[in-house]
Amino acid sequence: MENVRYLAAAMKDYRVKIWDLNNSELGDNVDWTEGLEEMTSRLCRRPITAAISLESQLLTLVYEGESGAYRSSQHPYGSSDVRCLRANSKFLAAAYTDGELVLFDTASGEIPERTVAFAHILISSPDGSTLATADPSGAIQRLKFKTLQLIYRIDSVELGIQGLCFSEDGEQLLDNRGSHCHVWWPTVLIRQNAVHPSKRRPTTPARSPTPTEPWITTLKSPEDPVMIPYIAYDDSAEVFFFGKEDGSLYLFDTETGLQIRILFSHAKCVTISSIVFDSINRTLLVCLTTKARLLDHQSSSVVSQAIYRPDLDRILMCSAESDTLWSISGKETDPVASTAHENREPCQWANHLLNSSRLIYVKQNVVRIFGWKSLEKLTSLLGIQLSADIRPNMAPRFIKPVFNNSFLATMYSEIDHPLPKSTLILWIFSDLTPANTITSIVPVPAYIWLSSKPTYFIDTAGTGSSEQLIFLYKGNWVCTVDAVSGKAGCVSNYFFFPTDWLSIANHLDLMIEVTKKGDVLFVKRDEVAVIGRSLAKFELEEQIQARAGSAPRRTCDK
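Quick look at the structure, then. All of these numbers come straight from a predicted model, not from anything done at the bench.

### Things to note about the pattern of salt bridges
Counted under the stated rule, the structure contains seven salt bridges. A salt bridge links Glu100 to Arg114; its shortest N-O distance comes to 3.1 Å. Here Glu100, found in strand β9 (residues 100–105), pairs with Arg114, found in strand β10 (residues 113–116); they are 14 residues apart in sequence, far enough to count as distant. Between Asp459 and Lys400 there is a salt bridge, with its nearest N and O atoms 2.4 Å apart. Residue Asp459 is located in strand β39 (residues 456–461), and its partner Lys400 is located in strand β35 (residues 394–402); the two are separated by 59 residues in the primary sequence. Sharing partners across several salt bridges, the network here consists of Glu255, Asp519 and Arg533.

Okay, structure coming up:
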């Protein structure tokens, strides 16, 4: 009916209430658990999000850790990882934690359309014809509800969006970004082939649209921030360093989070790409994007990784073109050894902690052992094969000894994929020897469940039997396992990062460090957040890997 306004809400007491705003009266007051057998026990569990469509009389509920309870007179269906929902008279739009936006037909239960949006906010216009999404990077998209066709996108380099809403007539869109907001005007928000209103828009579009293309606008920050490409910390946990794109290197206090001083600044257009700090010898190595300079030596290409062994008077500089071993004594003017590469595949180097004179090299499904003295190859030509389910489009992104150097943790991620997936695999460290009898190794069976659970391997903390492996888990929770709890599939959950702190699309760009005191250093664009003593006490323990004959549970057996 025209001019009739209602307000519908899903309440904490498991009831749906509908108010007639014209008469200021409460109309329907319905218990949504009636008739649902799984809800009869009333375990005091409340939904984490809900969507209501009065036109189709549809209520959609999502519970943490379980499939959604989609209450409809015709079709129930659901999913376990829904972030937000919107419904109109015919369709239900669900934004998932993996970035997908899925459209459900509420009459048939089918999925007519799906796309990638990375929406952490999802709203619909008052008439139900269009959707608007906001992602953690601050970008806004407007789409047709019934087809998920993109109408308009606003790319942004500003802060993440905390709020998004339509005007009452659906012609204006307002977003809230930190301490300010923007109002987006009607014409470009209504139709794809509109003439761009040059005077009413707060920004200028990058290009003119055609009838089949959406408008794309970039919203620039008043001041372009100077990004932080790399961070390092002192093992004593008293200070940390970070470099910026302008070539400056900063020293900060970990306890207070305050700047101590700027150590130095390089020439303009020189960016710091890597920092290596040796706390024993109090030595800091800085690599630059244009070239790397070590004493009187310069590399011909950007350094992607630097491995440092001051006790052996050696440093290994790795780039896309070569691996070069240098002496840091200053007595030699030429490199000790160098290996050139063409069309090099992604790889990672690390110190062999069971033998200080050796290096570990990992590429896809092969491990090779090298010597620090002259970069001599100690394994056979084929190396040591890693016998695991490592797909061809995955490459090593991080390798590190864990659990008192008993295992080598390797994180692999998909290359050039819009939704890159990661996998974490643990290998027995003592198997990584140059002995000719070893031709292949297999993952550690007790920890093989980790290959599908973590979304990002952060670091390790602690020493000996108390050492913990730290990783991101579902919902961006920072979790840990130690050598014992890892075998039992028991994970300790400590805290989670806000959605707008990181990109769901690509965890590979994350920069997170953990000090020995348990402080977590998180780089967010041009800032560093210090979460002090964040690993001192966990919020909950969760057994996510079921033992034989048992089901997963929320708490671990002691």
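### A word on the nonpolar core
Counting residues in each nonpolar core, the largest one holds 35 residues, and the members touching the most others are Leu426, Leu469 and Phe497. Listed by contribution, the elements that provide at least two residues to this core are β36 (407–414), β37 (422–428), β39, β40 (468–473), β41 (477–482), β42 (490–496), β43 (512–514) and β44 (520–524). Counting residues per element, this core draws most heavily on β40, at five residues. If we ignore the near neighbours within four places in the chain, the residues touching Leu426 are Val402, Phe403, Phe407, Leu408, Ala409, Pro443, Val444, Tyr447, Leu450 and Leu469. Membership of the second largest hydrophobic core comes to 17 residues, among which are Val362, Val367, Ile425 and Ile441.

### Looking at unusual backbone geometry
Look at Phe118: it is not a glycine, yet its phi comes out positive at around 55°. Assignment of secondary structure puts Phe118 in the loop between β10 and β11 (121–124). In this structure Phe118 comes out as buried when scored by relative accessible area, which is 15%. Located in the positive-phi region is Gln364, a residue other than glycine, with phi close to 55°.

### Side note on the pairing of β41
In this structure, β40 lies alongside β41, joined through six bridges in antiparallel fashion. Bridging across to β41, Ile470 finds its partner in Thr480. Bridge analysis of β41 against β42 gives four bridges, and the strand direction is antiparallel. Note on β42: the bridge partner recorded for Trp477 is Phe496.

### Let's talk about the sheet that holds strand β32 (residues 358–363)
Spatially, five strands are ordered β31-β32-β33-β34-β38 in an open sheet, and the strand pairing comes out mixed. Where the open sheet ends on each side, the last strands, each with one partner, are β31 (348–351) and β38 (440–441). Looking at chain direction, β31 and β32 are connected through four bridges and run antiparallel. For Asn351, the partnering residue across the bridge sits in β32 and is Leu359.

### Regarding the environment of Phe398
Of note, Phe398 is situated in strand β35. For Phe398, a relative accessible area of 25% gives the class partly exposed. Sequence-wise, Phe398 and Leu424 are 26 residues apart; in three dimensions their C-alpha atoms are separated by 9.4 Å. Excluding anything up to four places from it in sequence, Phe398 contacts Gln348, Ala409, Thr410, Met411, Phe457 and Ile458.

### With respect to the packing of aromatic side chains
Applying the stated criterion to the full structure yields 16 aromatic pairs. Measuring from centroid to centroid gives 6.5 Å for Tyr250 and Phe252, while their planes differ by 50°, and the two rings are tilted. The same class applies to Tyr250 as to Phe252, namely buried. Judged by centre distance (4.6 Å) and plane angle (35°), the ring pair of Phe497 and Phe522 falls under tilted. With a gap of 25 residues between them, Phe497 in the loop between β42 and β43 and Phe522 in strand β44 connect regions that are remote in the sequence.

### Digging into the environment of Pro392
Relative to the assigned elements, Pro392 resides in the loop between β34 (384–386) and β35. Looking at Pro392, the relative accessible area reads 77%, which means it is exposed. Distance in space between the C-alpha atoms of Pro392 and Ile415 is 9.4 Å, their sequence separation being 23 residues.

### Topic: the sheet that holds strand β20 (residues 239–243)
Read across the open sheet, the four strands follow the order β19-β20-β21-β22; overall the sheet is antiparallel. Unpaired on one side and paired on the other, β19 (230–233) and β22 (259–265) mark the two borders of the sheet. Between one strand axis and the next, the sheet turns through 20° on average, direction left out of account. Direction of pairing for β19 relative to β20: antiparallel, over a ladder of four bridges. Following the sheet pairing, Ala232 is matched in β20 by Phe241.

Quick notes on the rules
- Residues numbered from 1 in each chain as written.
- Predicted model: local features only at pLDDT ≥ 70, side-chain atom pairs only at ≥ 80, totals over all residues.
- Heavy atoms only, no water.
- Salt bridge = Lys/Arg side-chain N within 4 Å of Asp/Glu carboxyl O.
- Helix = DSSP H or I, 4+ residues; strand = E, 2+ residues; numbered from the N terminus.
- Core = buried A, V, L, I, M, F, W, Y, C linked by side-chain atoms within 4.5 Å.
- Buried < 20%, exposed > 50% of the residue type's maximum accessible area, 1.4 Å probe, protein only.
- Contact = heavy atoms within 4.5 Å.
- Pairing = 2+ DSSP bridges.
- Phe/Tyr/Trp six-rings, centres within 6.5 Å; stacked < 30°, edge-to-face > 60°.
- Axes fitted to C-alpha atoms, helices over the stretch in contact; angles between N-to-C directions.

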